[in-house]
Structures are given as structure tokens and as C-alpha cells.
Amino acid sequence: MLGLQFETTTSWADIAKDNLEQILTDHAFLEQKAASNAVSIIINYSEETELVKEMSNIAIEEMQHFKMVHLLMVKRGMVLGREQKNDYAVQLQKFFPKTKDRTDALIQRLLVAALIEARSCERFKVFSENMEDDELKKFYKNLMISEANHYTTFLQFARQYQDREIVDKKWHALLKYEAEMMKVRGTIAKIHG
């Protein structure tokens, strides 16, 4: 369903489970960044009414997810750590050449966002399926569904703003690039690590 070309191994889930405070801190900040990205799209494409409506919903939902992760950490006696750089997103953004064309720039942002959501969804699935902790299992399963919805929203908008054949060609090239990236990841307690 997600179209990802590289599957996360269960060994990543073991690393994440053994470093729960670190993975939750990383996850919390990723939710903030996802909300910020949606707000940034609103600011830069404010004339696109339907896009603004959906990005508003996503921004609110992502901040609710941040709050949920933070409350879970507090409940478990954890403290939200410092934000760490998300080199995964940075590398994805480097895939597309810089452009001054507003539509192309929007398509690139939407495709990168769709892929980040798809990978998060896949990681949450792996995490939930390899958890003994019932609360976390349920928590990540529910978030997985939300991430899948965000993934399809971003991809649908990309296909709405540009010819689907062109968008799908870009999407498949980005998926291939990301799969190569992921082959050397999965060794640290980060959602995309």
C-alpha cells in the first residue's frame, strides 16, 4: 500500500525498544516538524483553499500527536530531550533540484512529506508489532493509521497540482532513492534512523 521499496527489519524495533526515551523524544520532535511543514505550506500557498484546509487539519493533528507523545513520556517519568537534527528529511530534500517554479516546488514538498509519512507509518507498524508493552503497541498502531492518511493526502495533492504521469515518475524515483538511503539505516533509536 505504501509503495516503499525497502522494509524495516525487526532489529530496528529492538534498538528502539531498548532506547525508549530516545525514540520517544525523536518522535515528539518529528511530530512538531510535521506540523511546522504543514503550516509552512499554508503560508507559501495560501491561495490554494483546499490545500490550506487540509494542511490546517494536518498541522493540528500533528501537534495533538506531539502532545500525546509528550504526555506518554511524562506518565512514564521521562523528560523530553533536546531536538536532534533529522538527517533523513534533509537527505530526502536534496533529491530534487532547486527550482524557482512554484508548482514544481510544491510538488517536491508534497512528495517528500508523503514519503516521510509513509516511512513513519511503516516504522510505527514494525514498532507496534514487535512490542510487548500493550500500551505502546496500541499507541503506535493508532498513530500508524493516521500517518497512512497523511501520506495519501500529500500524494493526492501532488497529483492534483501536476499531471499524474509526471508526478508518479518523480514519486517512483524518490522511492528508489529513499530505498538506497534506508539500506544503511536502522541502527539507531530514531524513527527514521
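A. Spatial organisation of helix 1 (residues 10-18). Taken residue by residue, helix 1 has Trp12, Ala13 and Ala16 as its buried positions. Down the axis of helix 1, the sector holding all buried residues measures 100°, keeping them to one side. In this structure, the buried residues of helix 1 make contact with helix 2 (20-44) and helix 5 (102-129).

B. Representation of the nonpolar core. Within the largest apolar cluster, 61 residues are counted, with the highest numbers of intra-cluster contacts made by Ile23, Leu24, Leu51, Leu110, Leu111, Phe127 and Trp171. Residue assignment for this core shows that the elements contributing at least two residues are helix 1, helix 2, helix 3 (49-75), helix 4 (87-93), helix 5, helix 6 (134-161) and helix 7 (164-182). When residues in this core are grouped by element, the largest group, 14 residues, is from helix 5. If near-sequence neighbours (up to four positions away) are discounted, Trp171 is found in contact with Leu2, Leu111, Ala114, Leu115, Tyr151, Leu155 and Arg159.

C. Spotlight on the side chain of Glu31. Residue placement: Glu31 occurs in helix 2. One buried charged residue, Glu31, remains without a salt bridge, the closest side chain of opposite sign being Lys33 at 12 Å. Excluding its chain neighbours within four sequence positions, the residues that come into contact with Glu31 are Glu62, His65, Phe66, Phe124 and Glu147.

D. The arrangement of the environment of Glu48 in detail. When you line up the elements, Glu48 lands in the loop between helix 2 and helix 3. Under the relative-accessibility criterion, Glu48 is labelled partly exposed at 26%. In this structure the side chain of Glu48 is engaged in a polar contact, spanning 3.2 Å, whose partner is the side chain of Tyr161.

E. A look at empty space enclosed by the protein. Applying the stated criterion to the full structure yields 1 cavity of 30 Å³ or more. Here the largest cavity defines a volume of roughly 50 Å³. Lining the largest cavity we find Asp26, Leu30, Lys85, Asn86, Asp87, Arg185, Lys190, His192 and Gly193. When grouped by side-chain class, the residues that make up the lining of the largest cavity number 1 nonpolar, 3 polar and 5 charged.

F. Seen up close, the packing of helix 6 against helix 7. Two elements in contact, helix 6 and helix 7, have axes separated by 8 Å at closest approach and are oriented at 135°. Between helix 6 and helix 7, the crossing angle belongs to the class labelled oblique. Residue-level contacts link Tyr151, Leu155, Ala158 and Arg159 of helix 6 to Arg164, Val167, Asp168 and Trp171 of helix 7.

G. Geometry of helix 6. Compared with the 40 Å implied by 1.5 Å per residue over 28 residues, the 42 Å span of helix 6 between its first and last C-alpha is a close match. Capping the start of helix 6 is the job of one residue whose side-chain oxygen sits 3.0 Å from the backbone nitrogen of Glu135: Asp133.

H. Region of the structure containing the pattern of salt bridges. For the structure shown, the criterion picks out 16 salt bridges. When the shortest N-O distance is used, the salt bridge between Lys17 and Glu132 registers 3.5 Å. Here Lys17 is found in helix 1, whereas its partner Glu132 is found in the loop between helix 5 and helix 6, with 115 residues between them in sequence. Assessed through its relative accessible area of 65%, Glu132 is described here as exposed. Between Asp133 and Arg76 there is a salt bridge, and its shortest N-O distance comes to 2.8 Å. Of this pair, Asp133 sits in the loop between helix 5 and helix 6 while Arg76 sits in the loop between helix 3 and helix 4; the two residues are 57 residues apart in sequence, bridging distant segments of the chain. Taking relative accessible area as the criterion, Asp133 reaches 25% and is therefore assigned partly exposed. Salt bridges sharing common partners tie together Lys75, Arg76, Asp133 and Glu135.

I. The arrangement of the packing of aromatic side chains in detail. This model, assessed by the stated rule, comprises 8 aromatic pairs. Taken together, a centroid distance of 5.2 Å and an interplanar angle of 85° make the contact between Phe139 and Tyr140 edge-to-face. Here Phe139 matches Tyr140 in class, with each residue buried. Every member of this aromatic cluster is reached through a ring pair, and the members are Trp12, Phe124, Phe127, Phe139 and Tyr140. We note Arg123 situated over the ring of Trp12; from NZ or CZ to the ring centre the distance is 4.5 Å.

The rules behind these values
- Residues numbered from 1 in each chain as written.
- Predicted model: local features only at pLDDT ≥ 70, side-chain atom pairs only at ≥ 80, totals over all residues.
- Heavy atoms only, no water.
- Buried < 20%, exposed > 50% of the residue type's maximum accessible area, 1.4 Å probe, protein only.
- Helix = DSSP H or I, 4+ residues; strand = E, 2+ residues; numbered from the N terminus.
- Arc of directions from axis to C-beta.
- Contact = heavy atoms within 4.5 Å.
- Core = buried A, V, L, I, M, F, W, Y, C linked by side-chain atoms within 4.5 Å.
- Lys, Arg positive; Asp, Glu negative; His and termini not counted.
- Salt bridge = Lys/Arg side-chain N within 4 Å of Asp/Glu carboxyl O.
- Polar contact = N/O pair within 3.5 Å; in protein donor to acceptor, adjacent residues only side chain to side chain.
- 1 Å grid on protein atoms, 1.4 Å probe; cavity = no way out; pocket = protein on both sides within 12 Å on 5 of 7 lines; lining within 4 Å.
- Points joined across faces, edges and corners; volume = space filled by probe spheres on them.
- Nonpolar A, V, L, I, M, F, W, Y, C, P; charged D, E, K, R; others polar.
- Axes fitted to C-alpha atoms, helices over the stretch in contact; angles between N-to-C directions.
- Parallel < 35°, antiparallel > 145°, perpendicular 65-115°, else oblique.
- Expected span 1.5 Å × (residues − 1).
- Phe/Tyr/Trp six-rings, centres within 6.5 Å; stacked < 30°, edge-to-face > 60°.
- Lys NZ or Arg CZ within 6 Å of the ring centre and 35° of its normal.

In short, geometric facts, not functional conclusions.
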